[in-house]
Each structure stands twice: as C-alpha cells, then as structure tokens.
Amino acid sequence: QIYLDNIENEYSCYMFTKEYEPREIHIICQRLELENEKIFFIEEKPNSRIQDVLPYAFKLLSDNRIGVAICSAERGIVLKVNQRNINFMNCGKEEIEDKLGKTVEEIFAECNENDFLNVFLLVMKEENSFYEREMRFSHSKKGEIYLDISLVPIYISGKVKYIVHTAEDVTEKVKNRILIE
C-alpha cells in the first residue's frame, strides 16, 4: 500500500479496479510552488494487463480447476488468485478480495506456512522455478493434504515481472498409493 502523501516525484505500482482487476500504473507528482499543493497524474502502463500479458496463466486462473495465484516479482504482491488456491490455504478469510493487494509475507504469516513462504521468497530472489510433487500440508478443515506445487518466474523484456504459483490437489492419489503399499 502506498500513500500519495509519500510520493514526491514518480512511482510505479498496481491499482485495483472495482472488479478487483490489477492495473499497473505510473504516478507522477508535481508540486505547485505558489500553493504548496501536489498534483498527481496517474496513467496505466500500456500492454500491462495480466490477461493480455499472461493469457495461459489467466485462463488457468479463471477455469478454477487448479489453484493459481499471480504475484508481482518485485514486491511479492498478490495480483490475481482463484478460489481453488484460496481453498488450499489454511488461513484467514477465504474471499479473493481479502488476498488481493497483500504481500506474500502478509498472507503466509496468516497461514503459519513459514517453510512455503521461504521457498516463495527464494524464487523471488534467485529467479529460479520451484516444483514439488506431493508436498504435504496440514489443513485445519481437511486434515493432511498433498499438493503438486509450482512457482514459476515469468520474464517480460528480460526481467522477472511475475511469479505464477500453481497448486493441484493430489491427496486422493497419494492416500490410495499409501493404502496399496
């Protein structure tokens, strides 16, 4: 969250529409010398809408068959998340609106998932993908669950711009295999 009072010159960030769609914007602040006031100019960055830049991830997200979250790589802000992903989380409110705009640190602090938070932060720092099959989580409502997890950095113009997180529930498959063994 940024406060306009703290902006002196220029600042880039995300703003959400009333439909909770993220918009990458650029804010320019100009001071009026005579009146000690600030004027802010806000413009959307062209070609920055997630549905246009990441159509595959956006389609996975909207299909809601697997859990998907799209975060900004620079600040770790959750830009888009689907209900399936939130249902896998073991924390706080389960509405999409309550996750958007928060950092991954804020969300995982609510979930007490420090190990997964550390992996997420490592992917952000080192810009390498992470894949884990049958990762075990303790869920307050579902008990022990297993997820196939991926965290993939997405490069735009040679720079990591987004982290796409996917999670697929494989609990039944794992439990059936354990039962057979």
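Scroll up for the structure.
## Regarding the pattern of salt bridges
Alright, step 1. In total, this model carries eight salt bridges according to the counting rule given.
Alright, step 2. For Glu21, the salt bridge identified is with Lys80, shortest N-O distance 3.1 Å. Here the residue Glu21 occupies a position in the loop between β1 (10–16) and β2 (22–32), and Lys80 occupies one in strand β5 (residues 78–81), the gap between them amounting to 59 residues. Lys80 shares its class with Glu21; the two are buried.
Alright, step 3. Put simply, Lys161 and Glu24 hold a salt bridge, and the shortest N to O gap is 2.4 Å. Separated by 137 residues along the polypeptide, Lys161 in strand β8 (residues 159–169) and Glu24 in strand β2 bring together distant segments of the chain.

## What to know about the sheet that holds strand β4 (residues 67–72)
Alright, step 1. Taken in spatial order, the five strands of this open sheet run β5-β4-β8-β7-β6, and their pairing is antiparallel. Each of the sheet's edge strands pairs with one partner strand only, and the pair in question is β5 and β6 (130–139). Within the sheet, the average angular offset between the axes of one strand and its neighbour, ignoring direction, is 25 degrees.
Alright, step 2. Packed onto the sheet, helix α6 (residues 171–180) meets β6, β7 (143–156) and β8 and runs at close to 130 degrees relative to β7.

## Details of the sheet that holds β2
Sheet strands line up and pair through hydrogen bonds in the backbone, either parallel or antiparallel.
Alright, step 1. Sheet architecture is open: three strands sit in the order β1-β2-β3, paired in antiparallel fashion. Either end of the sheet is taken by a strand with one partner, and the two such strands are β1 and β3 (37–44). Strand-to-strand twist of the sheet, defined as the mean angle between neighbouring strand axes without regard to direction, takes the value 35 degrees.
Alright, step 2. Inspection of the sheet shows β2 paired to β3 by eight bridges, in the antiparallel sense. Paired with Gln30 across the bridge in β3 is Ile39.

Calculation criteria
- Numbering of residues begins from 1 in every chain and follows the order in which that chain's sequence is written.
- Per-residue local features of the predicted model are confined to residues with pLDDT of at least 70, and side-chain atom pairs are confined, for both listing and counting, to 80 or more; whole-chain, interface and lining totals are unaffected and use all residues.
- With hydrogens and water stripped out, all remaining heavy atoms of the structure feed into the side-chain values.
- The salt bridge definition used is simple: a Lys or Arg side-chain nitrogen within 4 Å of an Asp or Glu carboxyl oxygen.
- Strands here mean DSSP runs of E at least two residues long; helices mean DSSP runs of H or I at least four residues long; both are numbered from the N terminus.
- Relative accessible area decides the class of each residue, using a 1.4 Å probe on protein chains only: under 20% of the type maximum gives buried, over 50% gives exposed, and in between gives partly exposed.
- Two strands are said to pair when DSSP picks up at least two bridges between them.
- Note on definitions: angles span 0 to 180 degrees between N-to-C directions of axes, and those axes are lines fitted to C-alpha atoms, for helices only across the stretch in contact.
- In this analysis, two residues are considered to be in contact whenever any of their non-hydrogen atoms come within 4.5 Å of each other.

That is the geometry; function is a separate question.
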